[in-house]
Amino acid sequence: MVERLSGHDYYCFLDGYSRYNQIPIAPEDQENTTFTCPYDIFAYRRMSFSLCNAPATFQCCMMSIFSDMIEKCNEVFMDDFFVFGFSFDDCLSNLSLVLQLCVDTNLVLNWEKCHFMVRKGIVLGHRIFVK
């Protein structure tokens, strides 16, 4: 992933808000998430960090949403989305497509952690930049 990202002129780093909590659990599966407290029994309606399948399910959802763009103009790792392009206009066009998919799928972004049209950044602990 880092190799595919390197060498581009512009990058956008997007961060998903509340990661797993954006994914609703099907009503028929909610009983499988049941837990008890001293005074009542509860079940999750949305995916929780405490569910063992949450990371894999979330990554699968993200790969499904962005399947047409991955490795071409976008990379996804959990709730981090990387959009890139060889020119400003190219990156802007790719960003527009990604943001439209976020709107279409009700995927919420954490705008405070997003960086748009930058020339360097950190991806999975590696610095990438334009030479």
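Going by an unreviewed UniProt entry, the chain carries the name Reverse transcriptase domain-containing protein and comes from Vitis vinifera.

**Student:** Help me understand the packing of aromatic side chains in this model?
**Tutor:** For any pair of aromatic rings, the description consists of the separation of the ring centres together with the inter-plane angle of the planes. Counting across every chain of the model gives seven aromatic pairs. Aromatic pair Phe-35 and Tyr-44: ring centres 5.1 Å apart, planes at 35°, arrangement tilted. For Tyr-44, a relative accessible area of 26% corresponds to the partly exposed category. Taken together, the ring pairs connect Tyr-11, Phe-13 and Phe-82 into an aromatic cluster. Over the ring of Tyr-10 we find Arg-119; its NZ or CZ atom is 4.9 Å from the centre of that ring.

**Student:** What exactly am I supposed to notice about the environment of Gln-100 here?
**Tutor:** Along the chain, Gln-100 turns up in helix H3 (residues 88–104). Taking the relative accessible area as the measure of exposure, Gln-100 reaches 42% and is therefore partly exposed.

Rules used throughout
- Residues numbered from 1 in each chain as written.
- Predicted model: local features only at pLDDT ≥ 70, side-chain atom pairs only at ≥ 80, totals over all residues.
- Heavy atoms only, no water.
- Phe/Tyr/Trp six-rings, centres within 6.5 Å; stacked < 30°, edge-to-face > 60°.
- Buried < 20%, exposed > 50% of the residue type's maximum accessible area, 1.4 Å probe, protein only.
- Lys NZ or Arg CZ within 6 Å of the ring centre and 35° of its normal.
- Helix = DSSP H or I, 4+ residues; strand = E, 2+ residues; numbered from the N terminus.

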